[in-house]
Amino acid sequence: MAEVTIEVGGRRYDVACRDGEEEQLRHLARLFDEKANQARAAVGGVNEARQLLIAGLLLADELQDMRNASHAPLSEDADAALAGAVEQLASRVETLAEHLESRAASA
């Protein structure tokens, strides 16, 4: 397993991934960081867990819009790959949110 340091919402995180997926994880983190910054700008002074939740919802909304806009149905392989990527992202968002909540509780 590889380990990658990513930055989301101004914080750095060490995240494990499969060997060879490091650049994809960095790319996803940059996309997620953009949404986290948009969430912070849109709602202001919410806690970090809420900011990340809103960022995840913004990404899910974009994904839904893309699915609705597509007139051609996705192939089974493409749909499975997309579902897998979204599942991985959701899992990482949950891990980050849990980490932030535990840090806030201990502070």
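First, a word on what this report is: a plain description of the structure on this page. Here the structure is a predicted model, which is why all the values come from computation and not from measurement.

Here's the deal with the overall build of the chain
Move 1: For the chain, the helix and strand inventory stands at three helices and two strands.
Move 2: Structurally, the chain occupies a C-alpha span of about 50 × 35 × 20 Å along its principal axes.
Move 3: Relative to its 107 residues, the chain shows a buried fraction of 25%.
Move 4: Look at the contacts in the chain between residues 6 or more apart in sequence, and 39% of them connect residues 24 or more apart.
Move 5: If you sum the accessible surface of the chain, you get close to 7300 Å²; carbon and sulfur atoms cover 52% of it.

Brief notes about the pattern of salt bridges
Move 1: The final tally for this structure, using the stated rule, is six salt bridges.
Move 2: The partner of Glu 48 in a salt bridge is Arg 11, and the shortest N-O contact between them spans 2.4 Å. Taken as a pair, Glu 48 in helix H2 (residues 48-69) and Arg 11 in strand E2 (residues 11-17) lie far apart in primary sequence, 37 residues in all.
Move 3: For the salt bridge of Arg 26 with Glu 23, the shortest nitrogen-to-oxygen distance reads 3.5 Å. Placement of the pair is Arg 26 and Glu 23 together in helix H1 (residues 22-43), with a separation of three residues, close to one helical turn.

Observations concerning the pairing of E2
Move 1: Bridging between strand E1 (residues 2-8) and E2 involves seven bridges; their strand directions are antiparallel. Within the sheet, the bridge partner assigned to Thr 5 lies in E2 and is Asp 14.
Move 2: From the end of E1 to the start of E2, which pair antiparallel, there are two residues, and Gly 9 there has a positive phi angle of about 60 degrees.

Thoughts on the nonpolar core
In summary, soluble globular proteins display a tendency toward joint burial of nonpolar side chains.
Move 1: Ile 6, Val 8, Tyr 13, Leu 25, Phe 32 and Leu 52 are the most contacted members of the largest nonpolar core, which has 17 residues in total.
Move 2: Counting only elements with at least two residues in this core, the list comes to E1, E2, H1, H2 and helix H3 (76-106).
Move 3: Sequence-distant contacts of Tyr 13, defined by excluding residues within four places in its chain, comprise Val 4, Thr 5, Ile 6, Val 8, Leu 96, His 99 and Leu 100.

A word on H2
Move 1: If you check H2, its first and last C-alpha atoms are 31 Å apart, about what 22 residues at 1.5 Å a residue would give, namely 32 Å.
Move 2: Looking at H2, one finds that the buried residues are Ala 49, Gln 51, Leu 52, Ala 55, Leu 59 and Leu 63. Taken down its axis, H2 places every buried residue within 165 degrees of arc, on the same side. Of the exposed residues in H2, those oriented more than 90 degrees away from the buried face are Leu 57, Asn 68 and Ala 69.
Move 3: The backbone nitrogen of Ala 49 lies 3.2 Å from a side-chain oxygen of the residue at the head of H2, namely Asn 47.

Parameters and conventions
Throughout this document, residue positions are counted from 1 along each chain, in the order its sequence is written. Confidence filtering applies because this is a predicted model: local features only for residues at pLDDT of at least 70, side-chain atom pairs given and counted only at 80 or more, and all residues used for totals across whole chains, interfaces and linings. Note that water and hydrogens are dropped before the side-chain values are worked out from all heavy atoms of the structure. Numbering goes from the N terminus for both helices and strands, where a helix is a DSSP run of H or I of at least four residues and a strand is a run of E of at least two. In this scheme, a residue with accessible area under 20% of its type's maximum is buried, one over 50% is exposed, and one in between is partly exposed, where area comes from a 1.4 Å probe on protein chains only. Only heavy atoms matter for contacts: two residues are in contact if any of them lie within 4.5 Å across the pair. Accessible areas in this description were obtained via Shrake-Rupley with a 1.4 Å probe; residue shielding takes into account the shown protein chains only. Just to be clear on terms, a salt bridge is a Lys or Arg side-chain nitrogen sitting within 4 Å of an Asp or Glu carboxyl oxygen. Note: two strands are recorded as paired if DSSP finds a minimum of 2 bridges between them. Here, the term nonpolar core denotes a set of buried Ala, Val, Leu, Ile, Met, Phe, Trp, Tyr and Cys residues that are joined through side-chain atoms within 4.5 Å. By definition here, a helix of n residues has an expected span of 1.5 Å times n minus one. What the arc describes is the spread of directions from the helix axis to the C-beta atoms. Think of a polar contact as two N or O atoms within 3.5 Å of one another; within protein, one of them needs to be a possible hydrogen donor and the other a possible acceptor, and neighboring residues in sequence only count if both atoms come from side chains.

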